[in-house]
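Fold and geometry: a report
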Amino acid sequence: MYDISKFSIKKEPVILGIESSCDETACAVLRGRKILSDRIISSAAEQAIYGGVVPEIASRMHTEAVDEVCRLALADAGLAPGDVDCIAATYGAGLLGALLVGLSFAKAFAFALGVPFVAVNHIRGHIAAAYLDKPDLEPPFVTLLASGGHTAILHTETFNAFRVLASTSDDAAGEAFDKCARVLGLPYPGGPSVQKLAAQGRPVVKLPSALVKNSETLRFSYSGLKTAVLNTVHNARQRGEWPELADIAASFQCAAIDPLVKKTVELALKCGVKTVTAGGGVVANDYLRSTLSAACKKAGLALVLPEKRHCTDNAAMIASEGLNKYMAGEFSGLDVNAAAAIAL
Ligand code: KG4
Ligand code: ZN
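Everything numeric here is computed off the predicted structure, so don't read it as measured data. (Residues numbered from 1 in each chain as written. Chains lettered and ligands numbered in written order. Predicted model: local features only at pLDDT ≥ 70, side-chain atom pairs only at ≥ 80, totals over all residues. Heavy atoms only, no water.)

Moving on to the coordination of the zinc ion (ligand 2). Those donors, His-122 (NE2), His-126 (NE2) and Asp-313 (OD), are the protein atoms that reach the zinc ion (ligand 2), and they lie 2.0 to 2.1 Å from it. As a motif over one chain, the donors of the zinc ion (ligand 2) read H-x3-H-x186-D. Here the residue His-126 occupies a position in helix H4 (residues 122-133), and Asp-313 occupies one in the loop between helix H10 (308-311) and helix H11 (316-327), the gap between them amounting to 187 residues. Judged by relative accessible area, which is 18%, Asp-313 ranks as buried. (Donors = N, O, S within 2.8 Å, 3.2 Å for Na, K, Ca; no water. Helix = DSSP H or I, 4+ residues; strand = E, 2+ residues; numbered from the N terminus. Buried < 20%, exposed > 50% of the residue type's maximum accessible area, 1.4 Å probe, protein only.)

And the structure:
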């Protein structure tokens, strides 16, 4: 019998977090916000052969890795399963088959241990990454979220609630980096490859900004930018020219990131918060990190920039968001299902 009304809340709980929404099988153990262990088994090398994530391969590799990654994380933490107070796992958004592996494992584990299970929204996990790097961080703050699946600016009002201030109408920023990489003939994963090439170029190619102009609401759009990169390369080749790919990469990087940075700072000032945070794989980008740092400094805003390994998918951020829900007594039933998409 698994009765969530019977669970009590401990002060410094040991939370075991599991992440399996895409191509990383990850497990981390936290005591409060302190990271005791943080393990990732990635299928990125296998996926790179195909130039992107193949869902079936991701699911199969999660199945092979989930048990091992949890054993390793517990061993690194020097703990036994019986020391765990709560299991947290991503239930969405992500690849359905991939999510189901981590979620089912986590629910069974919680049931076997007789501890609360907490289902975590992956996006909230990216926001909660900031608490790992600054454990005394408290809302309110404004977050720039930029990953492979989502791009938004969010106002986190309490540990358990946020409001969307701006988002993308089509592709996410990370998705645009991945598509741009493909057009430029760069390997998967695209973000780091574009960043590397961009470092050798200058942002001199005219490309449309990712900010939607003349819109009633603040919106970003990345599909036009991706098409502009494609057209720039094709048109040059049709003229018999060899386009300077490093300049295109540098120009794309500015067009994709500059408006995110500018609007994040503007919205933080408008909301009256004193702190900005950031999360999601694109926040591992060095140009984003340096421009956001400079812009926050200029505006007199404090910036919490999680370490790069806490920006890309990881389980410590899932455990960190799990802690927010645990402390609020927001335990999940074992009937929670995986969700490929969750509204922001
Ligand atoms: O948060 P994440 O690991 O997974 C999702 O939740 O989607 O983000 C992955 C995305 C990919 O699109 C990847 O290309 C991008 O983050 N990314 C980067 C960099 N590192 C990862 N984009 C730009 N520059 C980077 N250095
Ligand atoms: Zn993510």
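We now examine the packing of aromatic side chains. Under the criterion given, the structure shown has eight aromatic pairs. Between the aromatic rings of Tyr-2 and Phe-111, the centroid separation amounts to 6.4 Å while the plane-to-plane angle is 45 degrees, which identifies the pairing as tilted. Of this pair, Tyr-2 sits in the segment before strand E1 (14-19) while Phe-111 is found in helix H3 (residues 96-113), placing the two residues 109 residues apart along the sequence. Residue class for Phe-111 comes out partly exposed when judged on its relative accessible area of 45%. Plain terms: the ring middles of Tyr-326 and Phe-331 are 5.7 Å apart, the flat faces sit at 55 degrees to each other, and that makes the pair tilted. Side by side, Tyr-326 and Phe-331 carry an identical accessibility label, which is buried. What links up through ring pairs into an aromatic cluster is the set Tyr-2, Phe-7, Phe-111, Tyr-326 and Phe-331. The ring of Tyr-131 carries the charged tip of Arg-33 above its face, separated from the ring centre by 4.3 Å. (Phe/Tyr/Trp six-rings, centres within 6.5 Å; stacked < 30°, edge-to-face > 60°. Lys NZ or Arg CZ within 6 Å of the ring centre and 35° of its normal.)

What follows concerns the nonpolar core. Counting residues in each nonpolar core, the largest one holds 48 residues, and the members touching the most others are Ile-153, Leu-184, Tyr-222 and Phe-252. At 14 residues, the largest contribution of residues to this core is made by helix H8 (residues 245-271). In this structure, Ile-153 is in contact with Val-142, Thr-143, Leu-144, Arg-163, Val-164, Leu-165, Ala-166, Phe-220, Leu-260, Lys-263, Thr-264 and Leu-267, ignoring residues within four places of it in sequence. In this structure, Leu-79, Leu-99, Ala-319 and Leu-323 belong to the second largest nonpolar core, which totals 47 residues. (Core = buried A, V, L, I, M, F, W, Y, C linked by side-chain atoms within 4.5 Å. Contact = heavy atoms within 4.5 Å.)

Before going further, it helps to examine the site of ligand 1. Of all residues adjacent to ligand 1, which total 20 residues, the nearest are Gly-148, Gly-174, Asp-178, Gly-191 and Gly-281. Measuring from an oxygen atom of ligand 1, one finds a backbone N or O atom of Gly-148 at 2.8 Å. Within the backbone of Gly-174, a nitrogen or oxygen atom sits 3.0 Å from an oxygen atom of ligand 1. Considering ligand 1 on its own, with 550 Å² of exposed area, one finds that the protein chains cover 87% of that surface. Listing elements by their share of the shell around ligand 1, those giving two or more residues are H4, helix H5 (173-183) and helix H6 (190-198). Here the shell around ligand 1 takes four residues from H5, the largest share from any one element. Grouping the constituent residues of the shell around ligand 1 by class yields five nonpolar, twelve polar and three charged. Built from parts of two domains, the shell around ligand 1 gets at least three residues from each of domain 1 (4-129 + 311-327) and domain 2 (137-308). (Near = heavy atom within 4 Å. Polar contact = N/O pair within 3.5 Å; in protein donor to acceptor, adjacent residues only side chain to side chain. Areas by Shrake-Rupley, 256 points an atom, 1.4 Å probe, with all protein chains shown as cover. Nonpolar A, V, L, I, M, F, W, Y, C, P; charged D, E, K, R; others polar. Domains from an automatic or database assignment.)

Okay, the domain arrangement of the protein next. With domains assigned, the protein is organised as domain 1 (4-129 + 311-327) and domain 2 (137-308). On a C-alpha basis, the centres of domain 1 and domain 2 stand 27 Å from each other. On the side of domain 2, 22 residues touch domain 1, which itself brings 18 residues to the contact. Summing the contributions of domain 1 and of domain 2, the shared interface buries around 1,500 Å²; its carbon and sulfur component is 64%. Area buried by domain 1 at its contact with domain 2 is led by Ile-123, Ile-127 and Cys-311, which between them contribute 42% of it. Taken together, domain 1 and domain 2 are joined by nine residue pairs in polar contact (both at pLDDT 80 or more). Those elements that provide at least two residues to the side of domain 1 that touches domain 2 are helix H1 (44-48), H4 and H11. (Buried area = accessible area lost by both parts, 1.4 Å probe.)

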